[in-house]
Amino acid sequence: MSTLLAGRVIRISERNGRFSERVKALSGEEIDLCFQCGGCSSACPMTSQMDLLPSKVMRLVQLGEEAVLKSRTPWICSTCFNCAARCPRGIDIANVMEALRQMLLRSKFDHLKLETVGREELREIPPIALISSLRKFTS
Ligand code: SF4
Ligand code: SF4
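Description of the structure in this document. (Residues numbered from 1 in each chain as written. Chains lettered and ligands numbered in written order. Predicted model: local features only at pLDDT ≥ 70, side-chain atom pairs only at ≥ 80, totals over all residues. Heavy atoms only, no water.)

1. Regarding the overall build of the protein chain
Right, on to step 1. Across its full length, the protein chain carries eight helices and zero strands.
Right, on to step 2. Beginning at the N terminus, the succession of helices and strands in the protein chain can be written as α-α-α-α-α-α-α-α.
Right, on to step 3. Within the protein chain, the fraction of its 139 residues that count as buried is 43%.
Right, on to step 4. Considering only contacts in the protein chain between residues 6 or more positions apart, those separated by 24 or more positions represent 70%.
Right, on to step 5. Only carbon and sulfur atoms are counted for the fraction: they give 52% of the accessible area of the protein chain, which is about 8,200 Å². (Helix = DSSP H or I, 4+ residues; strand = E, 2+ residues; numbered from the N terminus. Buried < 20%, exposed > 50% of the residue type's maximum accessible area, 1.4 Å probe, protein only. Contact = heavy atoms within 4.5 Å. Areas by Shrake-Rupley, 256 points an atom, 1.4 Å probe, with all protein chains shown as cover.)

2. What to know about the pattern of salt bridges
Right, on to step 1. Within this structure, the stated rule accounts for four salt bridges.
Right, on to step 2. Glu120 is the partner of Arg123 in a salt bridge, and the nearest nitrogen-oxygen pair spans 2.6 Å. Of this pair, Arg123 and Glu120 are both found in helix α7 (residues 119-124), three residues apart, which corresponds to roughly one turn of the helix.
Right, on to step 3. Judged by its relative accessible area of 60%, Arg123 is exposed.
Right, on to step 4. Three or more residues are tied together by salt bridges with common partners; here these are Glu21, Lys24 and Asp32. (Salt bridge = Lys/Arg side-chain N within 4 Å of Asp/Glu carboxyl O.)

3. Here we look at helix α1 (residues 17-27)
An α-helical turn contains 3.6 residues, so a residue and the one three or four places further along point in the same direction.
Right, on to step 1. Those residues of α1 that fall on the buried side of the exposure criterion are Phe19, Ser20, Val23, Lys24 and Ser27. The buried side chains of α1 occupy one side of the element, clustering within an arc of 135° when seen end-on. Exposed side of α1, more than 90 degrees from the buried face: Arg18 and Ala25 are the residues found there.
Right, on to step 2. Buried residues belonging to α1 abut α3 (54-62) and α6 (93-106).
Right, on to step 3. Residue Gly28 follows α1 closely and has a positive phi angle near 75°. (Arc of directions from axis to C-beta.)

4. Things to note about the nonpolar core
Right, on to step 1. By size, the foremost hydrophobic cluster in this structure holds 33 residues, and its most contacted members are Val23, Val61, Val68, Ile93 and Leu100.
Right, on to step 2. Sorting the residues of this core by element identifies α1, α3, α4 (73-76), α6 and α8 (127-138) as the ones contributing at least two each.
Right, on to step 3. By residue number, the principal contributor to this core is α6, which donates eight residues.
Right, on to step 4. Residues in contact with Val61, not counting those within four places in the same chain, are Phe19, Ser20, Val23, Ile31, Val68, Val96 and Leu100. (Core = buried A, V, L, I, M, F, W, Y, C linked by side-chain atoms within 4.5 Å.)

5. Side note on the site of ligand 2
Right, on to step 1. The full set of residues close to ligand 2 is Cys34, Phe35, Gln36, Cys37, Gly38, Gly39, Cys40, Ser55, Met58, Cys87, Pro88 and Ile93.
Right, on to step 2. Among the residues making up the shell around ligand 2, the classes are represented as eight nonpolar, four polar and no charged. (Near = heavy atom within 4 Å. Nonpolar A, V, L, I, M, F, W, Y, C, P; charged D, E, K, R; others polar.)

6. Focus: the side chain of Ser55
Right, on to step 1. Tracing the backbone through its elements, the reader meets Ser55 in helix α3.
Right, on to step 2. According to the relative accessible area criterion, Ser55 is buried, its value standing at 9%.
Right, on to step 3. Engagement of the side chain of Ser55 in a polar contact is seen with the side chain of Ser41, the distance being 2.6 Å.
Right, on to step 4. If we skip the residues at most four places from it in the chain, Ser55 touches Gln36, Gly38, Cys40 and Ser41. (Polar contact = N/O pair within 3.5 Å; in protein donor to acceptor, adjacent residues only side chain to side chain.)

Dropping the structure here:
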């Protein structure tokens, strides 16, 4: 796991409600229902490659912490739905991951121009990044 938010103190009183509401609107998920049981993280097959566990992503979104957009976790997520199957609150965490990818792509940060991607890069870029990029221009 990385030090993405190491040492950061997140105060509830400073919660960025707009960020949380935007993720809710884009994902269609009731993020506030998450009570941090950790079931999603224990079910996820990709955590060894992630810098934030899925349950931590959920908590940071609840807290309106935009730094979560810098995490590689949404890009590592393979949309396998193991987490959704295990969530006792019926949250589809894969939808939350997709919402975070969309937010980053729409902000034009790390914007991907497919026509400029070389063969070597194509081997390295996570397929989900290419798919999300295409969705951005077709939806
Ligand atoms: S959908 Fe993503 S976050 Fe959920 S278990 Fe699969 S890889 Fe992990
Ligand atoms: S399984 Fe559901 S309730 Fe539990 S931590 Fe993950 S998102 Fe939250």
